[in-house]
Amino acid sequence: MQVILEPRFQDNRLVGGKYHLASHTIFLYKEEIVRQCCELFGSPLRLKEYIAVVLAHELGHSEDQELELLAAALDRPLTEKQEAEIRLRIEENAWAYAVSLLTEADPTFLRFIMDESLFSYRDRLDRFHIA
């Protein structure tokens, strides 16, 4: 697998890392990672730890045995709820692997990052339970 460091993400989203399934490549976006760290923790003091978490999460995508099947499912006609469930599953799978790699990480630090990362996926799915 290849890991490529890029200065910034091309889109206007705050994406720190991305796994590309077809090329089995991880992209890390330096400017966005620094911005994310500063937004979450108020400074870049924990940047080294934060980078390790982002990389571990992207490695989680690369090692996800379900990813190809889940990604293919997203190409089929789905309800919005089904799509939200699949997207959450993809992210939760990656985080489960990341946690297994980051055994020395501060659990509070890691949990905070995971919860922030998963918030929008969970929130989107929760809206279907409210309706």
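Data block above holds the structure.
Residues numbered from 1 in each chain as written. Predicted model: local features only at pLDDT ≥ 70, side-chain atom pairs only at ≥ 80, totals over all residues. Heavy atoms only, no water.

## Here's the deal with the side chain of Glu 91
Inference 1: In this structure, Glu 91 sits in helix H4 (residues 80-101).
Inference 2: Within polar-contact distance, the side chain of Glu 91 engages the side chain of His 57 at 2.9 Å.
Inference 3: Apart from the residues within four sequence positions on either side, Glu 91 is in contact with His 57, His 61, Leu 118 and Tyr 121. (Helix = DSSP H or I, 4+ residues; strand = E, 2+ residues; numbered from the N terminus. Polar contact = N/O pair within 3.5 Å; in protein donor to acceptor, adjacent residues only side chain to side chain. Contact = heavy atoms within 4.5 Å.)

## Structural notes on a nonpolar patch on the surface
Inference 1: A cluster of nonpolar side chains, namely Met 1, Val 3 and Leu 5, defines an oily patch on the protein surface of about 290 Å² accessible area.
Inference 2: Within the element layout of this structure, Val 3 appears in strand E1 (residues 2-6). (Patch = residues over 30% accessible without salt bridge, like charges linked within 9 Å, V, L, I, M, F, W, Y side chains within 5 Å. Areas by Shrake-Rupley, 256 points an atom, 1.4 Å probe, with all protein chains shown as cover. Salt bridge = Lys/Arg side-chain N within 4 Å of Asp/Glu carboxyl O.)

## Some thoughts on the side chain of His 57
Inference 1: Within the secondary structure, His 57 sits in helix H2 (residues 47-63).
Inference 2: Contact partners of His 57, with chain neighbours within four places excluded, come to Glu 91, Ala 94, Trp 95 and Ala 98.

## Quick word on the layout of surface pockets
Inference 1: A volume near 1100 Å³ is recorded for the largest pocket.
Inference 2: As for the largest pocket, its lining consists of 32 residues, and the residues nearest its centre are Val 15, Gly 17, His 57, Glu 91 and Tyr 121.
Inference 3: Those elements giving two or more residues to the lining of the largest pocket turn out to be strand E2 (17-20), helix H1 (30-41), H2, helix H3 (67-74), H4 and helix H5 (107-130). (1 Å grid on protein atoms, 1.4 Å probe; cavity = no way out; pocket = protein on both sides within 12 Å on 5 of 7 lines; lining within 4 Å. Points joined across faces, edges and corners; volume = space filled by probe spheres on them.)

## Here we look at unusual backbone geometry
Inference 1: One non-glycine residue, His 24, adopts positive backbone phi at about 55°.
Inference 2: Relative to the assigned elements, His 24 resides in the loop between E2 and strand E3 (25-29).

## So, the pairing of E3
Inference 1: Within E3, 4 of the 5 residues are buried, leaving the element largely enclosed by the surrounding structure.
Inference 2: Where E1 lies against E3, 5 bridges are found, and the strand directions are parallel. Counted as the bridge partner of Gln 2 is Thr 25 from E3.
Inference 3: By the bridge criterion, 4 bridges tie E2 to E3 in an arrangement that is antiparallel. Within the sheet, the bridge partner assigned to Tyr 19 lies in E3 and is Ile 26.
Inference 4: Adjacent in sequence and paired antiparallel, E2 and E3 are bridged by 4 residues, among which His 24 carries a positive phi angle near 55°. (Buried < 20%, exposed > 50% of the residue type's maximum accessible area, 1.4 Å probe, protein only. Pairing = 2+ DSSP bridges.)

## Points about the packing of H4 against H5
Inference 1: For the pair H4 and H5, the least separation of the axes is 9 Å and the interaxial angle reads 165°. The angle between H4 and H5 falls in the class roughly antiparallel. Viewed along their axes, H4 and H5 form a crossing whose handedness is left-handed. Contact residues: Glu 80, Lys 81, Glu 83, Ala 84, Glu 85, Arg 87, Leu 88, Glu 91, Glu 92, Trp 95 and Val 99 in H4; Leu 110, Ile 113, Met 114, Ser 117, Leu 118, Tyr 121, Arg 122, Arg 124, Leu 125, Phe 128 and His 129 in H5.
Inference 2: Within the contact of H4 with H5, the residues separate by chemical class into 11 nonpolar, 2 polar and 9 charged. (Axes fitted to C-alpha atoms, helices over the stretch in contact; angles between N-to-C directions. Parallel < 35°, antiparallel > 145°, perpendicular 65-115°, else oblique. Left-handed = near helix turned anticlockwise from the far one by under 90°. Nonpolar A, V, L, I, M, F, W, Y, C, P; charged D, E, K, R; others polar.)

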